[in-house]
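# Survey of secondary and tertiary structure
Next come the chains, spelled out residue by residue.
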Amino acid sequence: MLTFIVRRTLYMIPLLVVVSLISFMLIEIMPGDYLTKLKTNPFVTQKTIAEMAKRYGLDKPPLTRYWFWFQGIITRGDFGMSFESRRPVFATLFESGRLMWTFIVSLTTMFISWAVAIPLGIYSATHKYKASDHTLTFFGFLGLSFPSFFFALVLLWLLVGVFNVGQHGLGVGGLFDNRFIDTPWSLAKFGNLLWHLWPAWLVIGTIGMAGLLRYMRASVLDTLSLQYVQTARAKGLSEKVVIYKHVVRNAINPLVSLLGLSLPNLVAGSLIAATILNLPTVERAFFTSLTAQDDYVIMGALLFFSLFLLVGNLVADILLAWVDPRIRYN
Amino acid sequence: MKRLIVTLAALTAILLIPAAVMAQGYATKPADAVIIPLGVAGTDYSKLEPGVRGGTVYVGTISNPKKWNAVTAHETSTTQYTNIMQPGLVNLNPITAGYDPELAKSWEVSADNKVITFHLRQGLKWSDGTPFTADDVVFSFMDLYLNTDIETDTRDVLQLPDGNFPVVAKVDDYTVTVTCSVAFRPLLNSMTANIMPKHKLAQYVAKLNPAVAADAFNQVWGLDTDPKELVGMGAFMVESYTADLNVVMKRNPYYYHYDSKGTQLPYLDKYVVLTVASQDVMLLKYQNGEIDCFAPRPQDIPILKPEEKTKNLTVLVKGDQPGFGTTWVVLNWDTQNQKYRDLFRTLKFRQGVAHLFDKETMIRNLFNGLAVPQWSPVSYLSPFYSGRETYAGPVTEKNAVVFEYSIDTAKALFDEIGLKDVNNDGYREFADGTALEITLATNAGNTTREGACLIIADDAKKAGLKITTNFIDFNVLVNQLMGQEDYKAIYLGLTGGTEPHSGANVYMSTGGLHAWHYSAATGDITDVEKRVDELMNLAAAEFDLDKVFEYYKEYQTILSEDLGFLYTINQAFIYSYYNRIGNAQVASPIATPSGNNGLTMDLIYKKS
């Protein structure tokens, strides 16, 4: 098992290099570059723009620039600078605790959506084709089909326009109300954070919930049809024990690897919902760099997300082996 | 009793000592302080009122700042903060758009118009208590703006017509001279450039401190800087920054503006800028009471107007203050196909197209009625706008060059130049029978521009001219506009300013943004372009503002008649604020020192 993990970890390196090369080529295919917008500024001359191009290395051919960037990573651990803010790439992506907030938002969202979807999936399977099963499925797909930006906007509008939360001194969007800006942590501030997070749980959580619910339902149904369940029931075990001790334990296998595959979503989660709800996530910094064509920030972000994807896949495989004794890697 | 007196004395001392330590700011008002005559009859500020100190105001913005370095800043998401922190020698008056003395209390121009002598205000201090002197001014210009190591947009606007740069020199601690090789009146416009603190920043300039790299200054005062390091002369300084959430600005205790009652400005203790990425959410937060004032979009007005009474807020629409900048259609005189080249260079064709613009429909449909028609290359707000009859006079539009919306006139003009519908498909062809189709491109996602293109195409169809709209990526559009890719017609806009000379890059024949006719730079110049070049140079060398006005009047007339750009409309200035905010009616597109979304922040106060 250890050799398996080591081998997989080593594979990640050439994979990341290939990802970086492909990403760089895709950025080059995008028309224009960081300086294109500046060209429409009537106060800036072509000469100044040419000077800036030289300073940023944008006058060099793409492969040369890629090679310099690659060399920088290998020799100095330098992932490049942001053109916009002239700071190192990861300082730009992770500023003001963005990474921490990204994890907090996505981990809590993931925890809540799993904590809701799994029991509902089990319930749905054990009450197959009853009215409750159909209702849960209906609402699950409703949550899936609602566009997240629309859902987020409607939710905020409901809070402001219909429930008038401003009258009660509560704000919408962002992480804290105005009165908590730059104040030290307190119970009230923590409570306020929860008030600002629950719309995110609702909007982002419901997207994944439908899929999880149906996965769990299908998995439980599959397991329920197996012979040992019949045996367990024949032995006289209570339905509760049959379901929760035997069926769920086996049905949850495929979902455990799904957990690993969800790792990338922790950092590259729902951009649109985060933009509407004004949450400071890493993906928003990535989107800003995309629209500005801040080349090295884009590369840094893509590498970061790819790393999580690869690590997530590895974690999924390890978890699967851990949970299911039948699976062994060599 | 004795014990009581001693205890009381000790208590008083304990309370007073921290107060004495904390006391910052001027002991007495500086003699050279700027007095803003709020509420004083007969002045520009008569409609505003003196306020009270204290409180915090919340405003909104769309994007994060990119840095705190005013010199290297490239866009407004950054300059909305840096222009408040570091004002210049002169500043734009938010009400009249004229030049007010700011860090310079007065200036004279020499007899040959080549030397401007600035007298700086004396006794002023930077926000950290260091005295402000001429050294800071000379440092800012000679070691920053004119230093080729430094990456700045300002160097271009300082360049003189003969290619040289002015020389800024210290005469004494409070006097500087700006010497030019040629007389250049628009230089005064560039004196709004931010003055930077030498005592904080000289160490990062390689020219003065060889120990640092040439690029060092370009990276200093980035977003990771401790805000306590930022020093300026402005009304507010940055106190804290949280990405994607907010920027907190706090009062500068050494600000040198006072009101007519002797109260030191700014009135507010702090103002907080909330970063809200979506304008829909900004509207919601405003309605929720979290934001005190902001600039709504035209489509927000029908939602806010009915709430004026219920929520005690005001919606301000200033049709007489459309923003700076121009919006236009440009036909490419250098397009590859010879037939189209000849067609676009035919004045009657361009006139016909101009008569197709139904500006009233555009205003109604795209801006909810909150826009004005545009005809001139110079911004409406400029004192040189020739919709006025004299420099800085009231706008009468007597000199306006107007192409009335008239399909019949357009048809007549197209008939005259030989464009006829030969094959009866509803569209005109070239005189030789080949098909005529013009692609009008604009940037996808900008719904007002897309809508305007659709309206134009629709009206063109009525006159038998085939115009096809094409909404494309902004960068592709820019490449086309810069002449790197071929195009027929583009719908776009440019920013502007109060000084028409700042459009030199666009309107002069050799300009880098002379979008309709780049080949003018290589000899293919028209008589109109020759005269425009002449007028620009005459106006730049002349210091008598009335004469300058006449030059710019002719400049605007011939450019508008020549239709290099075919102008469309300009959005009116709209703003909204809760009535608990005092002096918010000063909101205007001129806002300076670059207030947030249109407010001059040092005049705003919180009513109790």
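Residues numbered from 1 in each chain as written. Chains lettered and ligands numbered in written order. Predicted model: local features only at pLDDT ≥ 70, side-chain atom pairs only at ≥ 80, totals over all residues. Heavy atoms only, no water.

Right, let's talk about the pattern of salt bridges for a bit. Within the structure shown, the criterion is met by 45 salt bridges over all chains. A salt bridge links A:Asp295 to A:Arg65; the shortest N-O distance between them is 3.2 Å. With A:Asp295 in helix α15 (residues 295-323) and A:Arg65 in helix α3 (residues 62-76), this pair connects stretches of sequence that are 230 residues apart. One exposure class covers both A:Asp295 and A:Arg65, and it is buried. Residue B:Arg297 pairs with B:Asp300 through a salt bridge whose shortest N-O separation is 3.0 Å. The two residues B:Arg297 and B:Asp300 agree in class, both being buried. Salt bridges sharing common partners tie together A:Arg87, A:Glu95, A:Arg98, A:Arg284, B:Asp224 and B:Asp244. (Salt bridge = Lys/Arg side-chain N within 4 Å of Asp/Glu carboxyl O. Helix = DSSP H or I, 4+ residues; strand = E, 2+ residues; numbered from the N terminus. Buried < 20%, exposed > 50% of the residue type's maximum accessible area, 1.4 Å probe, protein only.)

Below, the discussion takes up the interface of chain B and chain A. At the junction of the two partners, chain B supplies 59 residues and chain A supplies 53 residues. Together, the buried faces of chain B and chain A total about 4600 Å²; carbon and sulfur atoms form 53% of this surface. For the pair chain B and chain A, the number of links is 8 salt bridges. Taking the shortest distance from any N to any O, the salt bridge between B:Glu151 and A:Arg55 comes out at 3.4 Å. (Contact = heavy atoms within 4.5 Å. Buried area = accessible area lost by both parts, 1.4 Å probe.)

Residues and elements named next belong to chain B. Axis separation between helix α18 (residues 527-541) and helix α19 (residues 545-562) bottoms out at 9 Å; the angle between their running directions is 160°. With respect to each other, α18 and α19 are oriented roughly antiparallel. Crossing angle aside, the handedness with which α18 passes α19 is left-handed. Between α18 and α19, the contacting residues are Val528, Arg531, Val532, Leu535, Met536, Leu538 and Ala539 on the first element and Val548, Tyr551, Tyr552, Glu554, Tyr555, Ile558, Leu559 and Asp562 on the second. (Axes fitted to C-alpha atoms, helices over the stretch in contact; angles between N-to-C directions. Parallel < 35°, antiparallel > 145°, perpendicular 65-115°, else oblique. Left-handed = near helix turned anticlockwise from the far one by under 90°.)

All names here are of chain A. At their nearest, the axes of helix α11 (residues 253-261) and α15 sit 7 Å apart, and the two run at 155° to each other. Taken together, the axes of α11 and α15 are roughly antiparallel relative to one another. Between α11 and α15 lies a crossing whose hand is right-handed. Seen from α11, the contacting residues are Asn253, Val256, Ser257, Leu259, Gly260 and Leu261; seen from α15, they are Gly312, Asn313, Val315, Ala316, Leu319, Leu320 and Val323. Classifying every residue of the contact of α11 with α15 gives 8 nonpolar, 5 polar and no charged. (Nonpolar A, V, L, I, M, F, W, Y, C, P; charged D, E, K, R; others polar.)

All names here are of chain B. As summarised here, the arrangement of the 4 strands in space is β5-β6-β8-β7, forming an open sheet in which the pairing is antiparallel. Edge positions in the sheet fall to β5 (104-109) and β7 (167-172), since each has one partner strand and no second. If you compare each strand with its neighbour and ignore which way they point, the axes differ by 25° on average. Two strands pair when backbone bridges link them, and β5 and strand β6 (residues 115-120) are joined in this way by 5 bridges, in the antiparallel orientation. Paired with Trp107 across the two strands is Phe118, which belongs to β6. (Pairing = 2+ DSSP bridges.)

With that out of the way, let us pick up helix α7 (residues 148-162) of chain A. Between the first and last C-alpha of α7(A) there are 20 Å, a value that for 15 residues agrees with the 21 Å anticipated at 1.5 Å per step. Looking at α7(A), one finds that the buried residues are A:Ser148, A:Phe151, A:Ala152, A:Leu153, A:Leu155, A:Leu156, A:Leu159 and A:Val160. Its buried side turned inward, α7(A) meets α8 (187-224) and α13 (271-276) of chain A together with α8 (279-287) of chain B. One or two steps after α7(A), the chain reaches A:Asn164, where phi turns positive at roughly 50°. (Expected span 1.5 Å × (residues − 1).)

All names here are of chain A. Each assigned domain of chain A is listed with its residue range as follows: domain 1 (2-92) and domain 2 (95-323). Summarising the inter-unit geometry, the C-alpha centres of domain 1 and domain 2 are found 32 Å apart. At the junction of the two partners, domain 1 supplies 33 residues and domain 2 supplies 25 residues. For the pair domain 1 and domain 2, the two sides together bury roughly 2500 Å², of which 69% comes from carbon and sulfur. Applying the counting criterion to the domain 1 and domain 2 interface returns 3 salt bridges. The salt bridge involving Asp317 is made with Arg8; its shortest N-O contact spans 2.6 Å. Element by element, the count of residues in the side of domain 1 that touches domain 2 is highest for helix α1 (residues 2-29), at 13 residues. Its residues placed into classes, the side of domain 1 that touches domain 2 shows 20 nonpolar, 7 polar and 6 charged. (Domains from an automatic or database assignment.)

It is worth spelling out the sheet that holds strand β20 (residues 565-567) of chain B at this point. Residues and elements named next belong to chain B. Overall, mixed pairing links the 5 strands, which are arranged β18-β17-β19-β15-β20 in an open sheet. The sheet is open, and its two edges are formed by β18 (467-472) and β20, each paired on a single side. Pairs of neighbouring strands in the sheet enclose a mean axial angle of 30°, with direction left out of account. Pairing of strand β15 (residues 326-331) with strand β19 (residues 489-494) involves 6 bridges; the strand directions are antiparallel. The residue of β19 that forms the bridge with Val330 is Ile490.

Attention now goes to unusual backbone geometry. Phi is mostly negative for residues that are not glycine, and the peptide bonds are mostly trans. A cis amide bond, omega 0°, links B:Leu265 with the succeeding residue B:Pro266. Considering the arrangement of structural elements, one finds B:Pro266 in the loop between β11 (257-259) and β12 (270-275). A positive phi angle is found at A:Arg86, which is not glycine, with a value near 55°. Residue position: A:Arg86 is located in the loop between α3 and α4 (89-93). Residue A:Arg86 is classed as buried on the basis of its relative accessible area, which comes to 8%. Of note, the phi angle at A:Asp182 is positive, near 65°, even though the residue is not glycine. Tracing the sequence through the fold places A:Asp182 in the loop between α7 and α8. When its relative accessible area of 47% is taken as the criterion, A:Asp182 is described as partly exposed.

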